[in-house]
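Here's the letter readout for the chains.
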Amino acid sequence: MKSYLTSALVAVTLSACGPSGSSFFTEAGSELDQGNFGNATQNNAMVHSSPQNYTIDLARRFAGEVDTMVNFEFDSTVLDASAQATLRQQADWIRQFPEVRFKVFGHTDLVGSEAYNRNLGLRRAQAVVAFLATQGIGRDRLEAVVSFGQTQPLIPTPDPERRNRRTVTEVSGFVENNPMLLNGKYAEVIFREYIVSAAPQTGATQTTISTGAGG
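Residues numbered from 1 in each chain as written. Predicted model: local features only at pLDDT ≥ 70, side-chain atom pairs only at ≥ 80, totals over all residues. Heavy atoms only, no water.

A. Up close: the side chain of asparagine 164. The residue asparagine 164 is located in the loop between β3 (142-149) and β4 (166-174) in this model. The buried category is assigned to asparagine 164, whose relative accessible area is 0%. A distance of 2.8 Å separates the side chain of asparagine 164 from the backbone oxygen of isoleucine 155, its partner in a polar contact. Apart from the residues within four sequence positions on either side, asparagine 164 is in contact with His107, Thr108, Asp109, Pro153, Leu154, Ile155 and Thr157. (Helix = DSSP H or I, 4+ residues; strand = E, 2+ residues; numbered from the N terminus. Buried < 20%, exposed > 50% of the residue type's maximum accessible area, 1.4 Å probe, protein only. Polar contact = N/O pair within 3.5 Å; in protein donor to acceptor, adjacent residues only side chain to side chain. Contact = heavy atoms within 4.5 Å.)

Here it is as structure tokens:
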């Protein structure tokens, strides 16, 4: 009997030891889940307490996971095949977060007048918004189209420069009439939109090319 009790005591003692030999009891689920969906409750609480920080985090994630920029030919608003492919990737990401809004910023190179290029940058941003709308993104989620014209070049040169002729899509905040799906249904929405985004997108949208003296 004494031998049996001793064996049972050893078994209990061993079961209370962690992997490193320290003595503690580990309940099921007590360890932090590092998976994509494991911290949903924690994330929801963070959003409620600091939505601005969550917006910044989403903006960083968006910029890190997709190409946020598309480029244009000189004095053009046409979205070529490369630009359309990039915008489809953006749309796939955007659809996963139905409570988030976005801005599209238009830019030009430094060729042409400032007034002309501001208008050209705006039309480029509008072309991107129109294309994203064809991919199932509601216009209410595309908060604004803004043109910086030639005022923020990536490459400071007075010559024609394709890298300056661009639009940039950015996270801007939350949809005002959407009560942010920060409840038990949030993971369901993310999963559903993730599955939908895996479906291949077909079709192409054409935009017009402008003629003028800007870049």
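So that's the structure; there's more coming.
B. Up close: the pattern of salt bridges. With the rule as written, the count across this model stands at 6 salt bridges. Taking the shortest distance from any N to any O, the salt bridge between arginine 162 and glutamate 73 comes out at 2.9 Å. With arginine 162 in the loop between β3 and β4 and glutamate 73 in the loop between β1 (69-71) and α4 (81-95), the pair connects residues that are 89 residues apart, well separated along the chain. On the accessibility criterion, arginine 162 (31% relative accessible area) is partly exposed. Its relative accessible area of 46% is what places glutamate 73 among the partly exposed residues. Three or more residues are tied together by salt bridges with common partners; here these are Glu73, Asp80 and Arg162. (Salt bridge = Lys/Arg side-chain N within 4 Å of Asp/Glu carboxyl O.)

C. Seen up close, the packing of α4 against helix α5 (residues 114-134). Remark: α4 packs on α5, axes separated minimally by 10 Å, with the N-to-C direction vectors making an angle of 60 degrees. Taken together, α4 and α5 sit at an angle that is classed as oblique. Both α4 and α5 take part in a crossing whose hand is right-handed. When α4 is examined against α5, the residues Gln84, Leu87, Arg88, Gln90 and Ala91 are found in contact with a partner set consisting of Val128, Phe131 and Leu132. (Axes fitted to C-alpha atoms, helices over the stretch in contact; angles between N-to-C directions. Parallel < 35°, antiparallel > 145°, perpendicular 65-115°, else oblique. Left-handed = near helix turned anticlockwise from the far one by under 90°.)

D. Geometry of the sheet that holds strand β2 (residues 100-107). Overall, mixed pairing links the 4 strands, which are arranged β1-β4-β2-β3 in an open sheet. Across the chains shown, the open sheet's two edge strands, defined by having one partner strand only, are β1 and β3. On average, each strand axis in the sheet is inclined to that of its neighbour by 25 degrees, with strand direction left out of account. Pairing of β2 with β3, which is carried by 6 bridges, proceeds in the parallel orientation. Pairing of valine 104 across the sheet is with valine 145, part of β3. Where α4 meets the sheet, it contacts β1, β2 and β4, and its direction lies at approximately 160 degrees from that of β1. Of the strands in this sheet, β1, β2, β3 and β4 touch α5, which is tilted by about 150 degrees from β3. (Pairing = 2+ DSSP bridges.)

E. Region of interest: the packing of aromatic side chains. Taken as a whole and assessed by the stated rule, the structure comprises 5 aromatic pairs. Taking 5.4 Å as the distance between ring centres and 10 degrees as the angle between the ring planes, the aromatic pair formed by phenylalanine 105 and phenylalanine 148 counts as stacked. Remark: phenylalanine 148 occurs in strand β3 and phenylalanine 105 occurs in strand β2; sequence separation between them is 43 residues. An aromatic cluster of at least three residues, connected via ring pairs, comprises Phe62, Trp93, Phe97 and Phe102. (Phe/Tyr/Trp six-rings, centres within 6.5 Å; stacked < 30°, edge-to-face > 60°.)

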